[in-house]
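# Working through the structure, step by step
Here are the chains, one letter per residue:
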Amino acid sequence: MRVFKEEQRFTQLWIIVVLVMSTIVPLALFARAYANNQMSLQDVIIASTLILASCFFIFVFKLTTKIDKAGIHYKFSPVHFSFKLIKWNDMEEVYTRKYDAISEFGGWGFKVNPFRKKNKSIALNIAGDDGIQILTKEGKQILIGTQQLTKVNQSIKYYTKNNETDV
């Protein structure tokens, strides 16, 4: 079995539409303020640049998942600077499941459940409703979204069977 690797970005059409729509109004207001001499050209350029940069910032985010003989690696850039590894023998359970990003986690992205103090619960997702659910032996719960459910299931099955772990 080869190493499984997946990269996901926020490129959904609905996100792009929302971003475009949310930039049109402020940019139109800036142009109107400039036309009415309420803002200088420099102020319009600075404000417009800040608005556009903040809208495009969402495209910097990337979720990378890798499954290999060592375990499941994940990185949510730019939150993580390097991969986080969950070793097979540190997992109590690992399986794929459907989830509802909004009702379970409050949306997509890097989510930490603040109500679980002792045993952290995190979700890393970009799109969709399929994910890798991991419960560590320490009691941590980690959900990693995937767009390649069949390949993920094959990898998990292969590595948990061939690593002879308790997963």
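Each value, and the rule that gives it
- Sequence positions are assigned chain by chain, starting from 1 and proceeding in written order.
- For a predicted model such as this one, the threshold for reporting local features is a pLDDT of at least 70, and the threshold for listing and counting side-chain atom pairs is 80 or more; totals across whole chains, interfaces and linings nevertheless cover every residue.
- With hydrogens and water stripped out, all remaining heavy atoms of the structure feed into the side-chain values.
- Numbered from the N terminus, helices here are DSSP runs of H or I no shorter than four residues, and strands are runs of E no shorter than two.
- The quantity called the radius of gyration is restricted to C-alpha atoms. Its globule counterpart is 2.2 Å times the number of residues to the power 0.38.
- Salt bridges are counted wherever a side-chain nitrogen of Lys or Arg sits within 4 Å of a carboxyl oxygen of Asp or Glu.
- Note on classification: 1.4 Å probe, protein chains only; a residue is buried when its accessible area is under 20% of the maximum for its type, exposed when over 50%, partly exposed between these limits.
- Take the buried residues of types Ala, Val, Leu, Ile, Met, Phe, Trp, Tyr and Cys, join any two whose side-chain atoms come within 4.5 Å, and each joined set is a nonpolar core.
- Contacts are residue-level and defined by heavy atoms, with any inter-residue pair within 4.5 Å sufficient.
- Stacked, tilted and edge-to-face pairs are distinguished by plane angle, under 30 degrees for stacked and over 60 for edge-to-face with tilted covering the rest, among Phe, Tyr and Trp rings (Trp via its six-membered ring) whose centres lie within 6.5 Å.
- Patch criteria: residues need more than 30% relative accessible area and no salt bridge. Like-charged residues are merged within 9 Å; nonpolar side chains of Val, Leu, Ile, Met, Phe, Trp and Tyr are merged within 5 Å.
- Using a 1.4 Å probe, the Shrake-Rupley method yields the accessible areas, and only the shown protein chains count as cover for residues.
- Nitrogen and oxygen atoms within 3.5 Å of one another constitute a polar contact, given that in protein one can donate a hydrogen and the other can accept it, and given that sequence-neighbouring residues count only through two side-chain atoms.

## Re the overall build of the protein
Helix and strand content of the protein: four helices and nine strands. Each helix and strand of the protein, placed in order from N terminus to C terminus, yields the pattern β-α-α-β-β-β-β-α-β-β-β-β-α. Relative to the compact-globule value of 15 Å for 167 residues, the protein shows a C-alpha radius of gyration of 21 Å, a clear excess of over 25%. Taken over the C-alpha atoms alone, the protein extends approximately 70 × 35 × 25 Å along its principal axes.

## Focus: the environment of Val-94
Tracing the sequence through the fold places Val-94 in strand S5 (residues 91–98). As a C-alpha pair, Val-94 and Gly-109 span 15 residues in sequence and 21 Å in three-dimensional space.

## Concerning the pattern of salt bridges
Where side chains of opposite charge bring their charged atoms close, a pairing between them can arise. Summed over all chains, the structure comprises six salt bridges. Between Arg-97 and Glu-104 there is a salt bridge, with its nearest N and O atoms 2.8 Å apart. The partly exposed category is assigned to Glu-104, whose relative accessible area is 38%. Between Glu-138 and Lys-140 there is a salt bridge, with the nearest N and O atoms lying 3.8 Å from each other. For Lys-140, a relative accessible area of 36% translates into the label partly exposed. One salt-bridge network, held together by shared partners, links Lys-98, Asp-129 and Asp-130.

## Quick word on the nonpolar core
In this structure, Ile-67, Ile-72, Ile-132, Ile-134 and Ile-144 are the most contacted members of the largest nonpolar core, which totals 26 residues. Looking at this core, the elements that each hand over two or more residues are helix H1 (13–35), strand S2 (62–68), strand S3 (71–77), S5, strand S7 (121–125), strand S8 (130–136), strand S9 (141–145) and helix H4 (149–162). With residues up to four places along the chain from it excluded, the contact list for Ile-132 reads Thr-65, Ile-67, Ile-72, Val-94, Tyr-95, Thr-96, Ile-142, Leu-143, Ile-144, Val-152 and Ile-156.

## Quick look at the packing of aromatic side chains
Following the criterion strictly, the structure yields nine aromatic pairs and no others. Here the aromatic rings of Phe-10 and Phe-61 are separated by 6.5 Å at their centres, their planes lie at 80 degrees, and the arrangement is edge-to-face. With Phe-10 in the loop between strand S1 (4–9) and H1 and Phe-61 in the loop between helix H2 (41–56) and S2, the pair connects residues that are 51 residues apart, well separated along the chain. Across the pair, exposure class does not vary: Phe-10 and Phe-61 are buried alike. With a centroid separation of 6.2 Å and an interplanar angle of 40 degrees, the aromatic rings of Phe-56 and Phe-59 are classed as tilted. Classification of Phe-56 by relative accessible area gives exposed; the value is 53%. Here the aromatic cluster, defined as three or more aromatic residues joined through ring pairs, consists of Phe-10, Phe-57, Phe-61, Phe-76 and Phe-110.

## Quick look at the environment of Gly-128
Along the polypeptide, Gly-128 turns up in the loop between S7 and S8. Considered as a pair, Gly-128 and Gly-145 are 17 residues apart in the sequence and their alpha carbons are 7.5 Å apart. Those residues in contact with Gly-128, other than ones at most four positions away along the chain, are Tyr-99, Trp-108 and Gln-147.

## Notes on a nonpolar patch on the surface
A contiguous nonpolar surface patch, about 550 Å² in accessible area, is contributed by Leu-13, Ile-16, Val-17, Val-20, Met-21 and Ile-24. Tracing the backbone through its elements, the reader meets Val-17 in helix H1.

## Some points on the side chain of Gln-8
Take Gln-8: it is sitting in strand S1. Accessibility expressed as a relative area gives 5% for Gln-8, which makes it buried. Here the side chain of Gln-8 touches Gly-145 through a polar contact of 2.9 Å, landing on its backbone oxygen.

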